[in-house]
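# Examination of the molecular architecture
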Amino acid sequence: MLRSFALLVVVSLGLAACATPEPRFGPDGRPLPQIYRISSGDTAKVQFRMLDAVNTLRSARGAPDLALSSELNAAAATHSRDMSVQNRPWHFGSDGSSPLDRVRRVGYTGQLVGENISETYESELETLSAWMSQSETREVILDRRGRDMGFAWFQESNGKIWWTMIVGQSGGGGSLIN
């Protein structure tokens, strides 16, 4: 009995060791980054994680919380996919559309405050950190006029993620694009 138990423990430990992948290293000897994969079922979780992080930053600056907007989410998703098709991070669509055009197309009745974009392999929170390190993109995130947020992405099969955040003001004015 004790012998069977010992054998079971040894086999279990051996299998557990096989389940842990070996880290991969680049030519410089440093570990290669892990690809951040987002499954289609994680959309709401990722959007709310970003919304919570943004609202925490806004609260620390005395700015009102943002609410997720389905219209702005749709505009952000369209632009993220389009940036991938164009293979470049920029604010204009392949059809020449501007961020203002895109938010109007989806029926958003408020005013555009700004748009942040990114092309990266990083997570949404790492992308937010990068946006906060740049004054132009930080202004969009912390703008006190903002009341609504759209946030979406498109992930290519190689793991590259095209992120888009759109901030809007319900019924107000203004326009920052980053």
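It should be emphasised that the depicted structure is a prediction, and the values quoted were computed from it without experimental measurement.

### Section: the overall build of the protein chain
Secondary structure assignment for the protein chain yields 6 helices and 4 strands. Going residue by residue from the N terminus, the α and β elements of the protein chain occur as α-α-β-α-α-β-α-α-β-β. Of all 178 residues assigned to the protein chain, the portion counted as buried reaches 41%. Here the contacts in the protein chain between residues at least 6 apart in sequence split such that 70% fall between residues at least 24 apart. Entry remark: accessible area of the protein chain is about 10,100 Å², with carbon and sulfur atoms responsible for 56%.

### Some points on the pattern of salt bridges
Where charged atoms from two side chains of opposite charge come close, those side chains can pair. This structure, assessed with the given rule, holds 6 salt bridges. Residue Arg49 is joined to Glu124 by a salt bridge in which the shortest nitrogen-to-oxygen separation is 2.4 Å. Placement of the pair is Arg49 in helix α2 (residues 43-60) and Glu124 in helix α5 (residues 124-132), with a sequence separation of 75 residues. Exposure remark for Glu124: the relative accessible area of 1% places this residue in the buried category. In this structure, the salt-bridge partner of Glu115 is Arg102, at a minimum N-O distance of 3.0 Å. Here Glu115 is found in strand β2 (residues 111-120), whereas its partner Arg102 is found in helix α4 (residues 99-105), with 13 residues between them in sequence.

### Structural notes on the packing of aromatic side chains
Applying the stated rule across the entire model yields 4 aromatic pairs. Aromatic side chains Trp153 and Trp163 sit 5.6 Å apart centroid to centroid with 55 degrees between the ring planes, which places their arrangement in the tilted category. Taken together, the positions of Trp153 in strand β3 (residues 148-155) and Trp163 in strand β4 (residues 161-169) put the pair 10 residues apart, joining distant regions of the chain. The exposure classification of Trp153 matches that of Trp163, with both residues buried. Each member of the aromatic cluster is reached from another via a ring pair, and the members are Phe151, Trp153 and Trp163.

### Examining the pairing of β3
By the criterion of burial, β3 is predominantly enclosed, with 7 of the 8 residues buried. Examined bridge by bridge, β3 and β4 share 8 bridges and lie antiparallel to one another. Among the inter-strand pairings, Gly150 is bridged to a residue of β4, identified as Ile166.

### Quick look at the pairing of β4
Burial of β4 is extensive: 9 of the 9 residues sit out of reach of the surface. Residues Ile161, Trp163, Met165, Val167 and Gln169 point to one face of β4 and Trp162, Thr164, Ile166 and Gly168 to the other, with burial holding for every one of them. Note that β2 and β4 share 9 bridges and pair antiparallel. The partner of Gly114 across the bridge, within β4, is Val167. Between β3 and β4, which pair antiparallel in sequence order, lie 5 residues; one of them, Gly159, sits at a positive phi of approximately 105 degrees.

### Quick look at the packing of α5 against helix α6 (residues 135-142)
Between two packed helices, what matters for the description is the angle formed by their axes and the separation of those axes. At a minimum axis distance of 6 Å, the contact between α5 and α6 shows a crossing angle of 110 degrees. One finds that α5 runs roughly perpendicular with respect to α6. Contacts between α5 and α6 pair Leu128, Trp131 and Met132 from the former with Thr137, Arg138, Ile141 and Leu142 from the latter. By residue class, the composition of the contact of α5 with α6 is 5 nonpolar, 1 polar and 1 charged.

Parameters and conventions
- Residues numbered from 1 in each chain as written.
- Predicted model: local features only at pLDDT ≥ 70, side-chain atom pairs only at ≥ 80, totals over all residues.
- Heavy atoms only, no water.
- Helix = DSSP H or I, 4+ residues; strand = E, 2+ residues; numbered from the N terminus.
- Buried < 20%, exposed > 50% of the residue type's maximum accessible area, 1.4 Å probe, protein only.
- Contact = heavy atoms within 4.5 Å.
- Areas by Shrake-Rupley, 256 points an atom, 1.4 Å probe, with all protein chains shown as cover.
- Salt bridge = Lys/Arg side-chain N within 4 Å of Asp/Glu carboxyl O.
- Phe/Tyr/Trp six-rings, centres within 6.5 Å; stacked < 30°, edge-to-face > 60°.
- Pairing = 2+ DSSP bridges.
- Axes fitted to C-alpha atoms, helices over the stretch in contact; angles between N-to-C directions.
- Parallel < 35°, antiparallel > 145°, perpendicular 65-115°, else oblique.
- Nonpolar A, V, L, I, M, F, W, Y, C, P; charged D, E, K, R; others polar.

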